[in-house]
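# Per-entry structural report
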Amino acid sequence: MANATKSHSPASGVPSEKAQPSDTTPRHFAFLLLERFTLIAFSAAIEPLRLANRVAGRTLYTWQLISENGQPVTCSNGTQVTVQTGMENLHKESVVIVCGGVDAKRATTPAILAWLRKRARYGNVIGGICTGGWALAKAGLLDNRRATIHWENHTGFAEDFPEIDLTKSVFVIDGTRVTSAGGMAALDMLLTMIANEHGSPLANSVADQLIYSSIRTNRDTQRLSIPARIGVRHPKLARVIEIMESHIEDPISPADLAEEVDMSTRQLERLFRRYLNRSPKRYYTELRLERARNLLMQTDMSVINVALASGFTSPSHFSKCYRAHYNTTPYRERGARSSEEES
C-alpha cells in the first residue's frame, strides 16, 4: 500500500452536485482505522483516489492512514495494516474518514470521540464507512442530520441515536458529514465525491478501471428487493413480507395480513407453505427473532426491552422462542457477547 504524500488541501466542505473548478492543490484524506475495521469498505474508499490520480495524469488526491496511537491496526479478517501516524499528526483540512467494522462501539474510545469533536470544530469534512458512522454519531456529529450505516446495524443505531435521520441509502452526503453503509457502498460514495469535484467523466473512467458498471446514488437502498432476497417473484407474497418487516414491534395478525393483499387466511397459509416452506406465523416470528438478536448484539437494551421492541409481550415466551431458534437464551447471547469483548 502506497505511503501518503503530505500536502495541503483546499477549503473543507463536500462539493455540491456540480463539479467544482479544478485546483492545483491536491485534496487530502485521512483514514482513521478502528480496530477490526472492514477491509473491503476501506479498500473501496481508498482505491478510487489512487485511480483518479492515475486517470487524470496528475495528483488530485493524497492520503494517509492513521490510528489512535500510531500503531498497526488489525482488520476484521485478521490482516494487520500499518499506518503512517497517530491522530495528532493530521493535515488541518483533511477529509477524515472513520473506517469501522466489527464492534465499532468498543473500538471507539473516549480519545477518538474527543478528537472527532475537535476536528468538527475545525470544520473538517468527516465521514464514516461501514460502522464508522457509529463513532460520528456517538461524538454528536450527526445530530439532526441524515446518515446511513450497514443494514445489520440499522436497528441498534436507530435505538441509540433517535435524533439522527437514519436512512437505508447506500451512502449519504449531508453537508460536511458523509456516511456509507459498508462493503462496496464506500466506492459509490467516493466516486460521487470525485464526480462532484472533478466531473462525471473522470468518475466514470475510474469506475471503468474498477470494472464497476453502475455507480449507485444516494437514492439507492442497501438491501436487495424482497423478491430477490427470497428468490420468489410473487407480488402478494413480497407485499406481505414488506408489511411484516415494517411492523416488527407491533405484529399484525395473519387475518389482517391476508386482508391487506385481498386473500383469505387459508390462501395466505398455502402461499407461504408453497414458496417458503413455513407458515406466515413462523416466518414472522423468525423476522422478529432476527431483530431481537441484532438488538442484543448491538445495543445495551435490557432483554425485556429487546423483547418488547421485537413484538414479544411475554419475556418467557420470547426466551422460549429464542432458545428454539438459536439454541441459546437471550441472556446467554448477551453474556457471550460480553465475554467476547473482554477476551
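Quick notes on the rules
- Residues numbered from 1 in each chain as written.
- Predicted model: local features only at pLDDT ≥ 70, side-chain atom pairs only at ≥ 80, totals over all residues.
- Heavy atoms only, no water.
- Patch = residues over 30% accessible without salt bridge, like charges linked within 9 Å, V, L, I, M, F, W, Y side chains within 5 Å.
- Areas by Shrake-Rupley, 256 points an atom, 1.4 Å probe, with all protein chains shown as cover.
- Salt bridge = Lys/Arg side-chain N within 4 Å of Asp/Glu carboxyl O.
- Helix = DSSP H or I, 4+ residues; strand = E, 2+ residues; numbered from the N terminus.
- Phe/Tyr/Trp six-rings, centres within 6.5 Å; stacked < 30°, edge-to-face > 60°.
- Buried < 20%, exposed > 50% of the residue type's maximum accessible area, 1.4 Å probe, protein only.
- Axes fitted to C-alpha atoms, helices over the stretch in contact; angles between N-to-C directions.
- Contact = heavy atoms within 4.5 Å.
- Nonpolar A, V, L, I, M, F, W, Y, C, P; charged D, E, K, R; others polar.
- Core = buried A, V, L, I, M, F, W, Y, C linked by side-chain atoms within 4.5 Å.
- Pairing = 2+ DSSP bridges.

### Some remarks on a nonpolar patch on the surface
- A cluster of nonpolar side chains, namely I304, L308 and Y331, defines an oily patch on the protein surface of about 320 Å² accessible area.
- You can see I304 is positioned in helix α13 (residues 303-309).

### Some remarks on the packing of aromatic side chains
- The full count for this structure, using the stated rule, is 10 aromatic pairs.
- Between F272 and Y283, the aromatic rings sit 5.8 Å apart at their centres with planes inclined by 65°, giving edge-to-face as the arrangement. Within this pair, whereas F272 is found in helix α11 (residues 265-276), its partner Y283 is found in helix α12 (residues 280-298), the two being separated by 11 residues in sequence. Of the two residues, F272 and Y283, both sit in the buried class.
- Between F312 and F318 the ring centres are 5.2 Å apart and the planes differ by 45°, which places this aromatic pair in the tilted class. Considered together, F312 and F318 belong to a single accessibility category, that of buried residues.

### Comments concerning the packing of helix α6 (residues 185-198) against helix α7 (residues 200-209)
- Remark: α6 packs on α7, axes separated minimally by 7 Å, with the N-to-C direction vectors making an angle of 145°. Contacts between α6 and α7 pair L191, I194, A195 and H198 from the former with S200, L202, A203, V206 and A207 from the latter.
- Along the lines of polarity and charge, the residues of the contact of α6 with α7 split into 7 nonpolar, 2 polar and no charged.

### Regarding the nonpolar core
- If you look at the biggest cluster of nonpolar residues, it comprises 44 residues, and the most contacted ones within it are F29, F31 and L33.
- Of all the secondary structure elements, the ones that give two or more residues to this core are β1 (27-33), α1 (39-56), β2 (61-67), β6 (95-99), α6 and α7.
- A per-element tally of this core places α6 first, with 9 residues.
- Ignoring any residue separated from it by four or fewer positions in sequence, one finds F29 in contact with L49, Y61, T62, W63, Q64, V95, I97, L190 and M193.
- Among the nonpolar cores identified, the runner-up in size contains 28 residues, and L34, L142, A147 and F161 belong to it.

### Some remarks on the sheet that holds β2
- The 7 strands are arranged β5-β2-β1-β6-β7-β11-β10 in an open sheet whose pairing can be described as mixed. With one partner strand each, in any of the chains shown, β5 (85-86) and β10 (171-174) form the two edges of the open sheet.
- Pairing analysis gives 4 bridges linking β6 to strand β7 (residues 126-129), with the strands arranged parallel. Its bridge partner being in β7, C99 is matched across the sheet by I129.
- Against the sheet, α1 makes contact with β1, β2, β6 and β7, and its axis sits at roughly 150° relative to β2, the strand it touches most.

It is worth stressing that arrangement in space is one thing and function is another; only the former is reported here.
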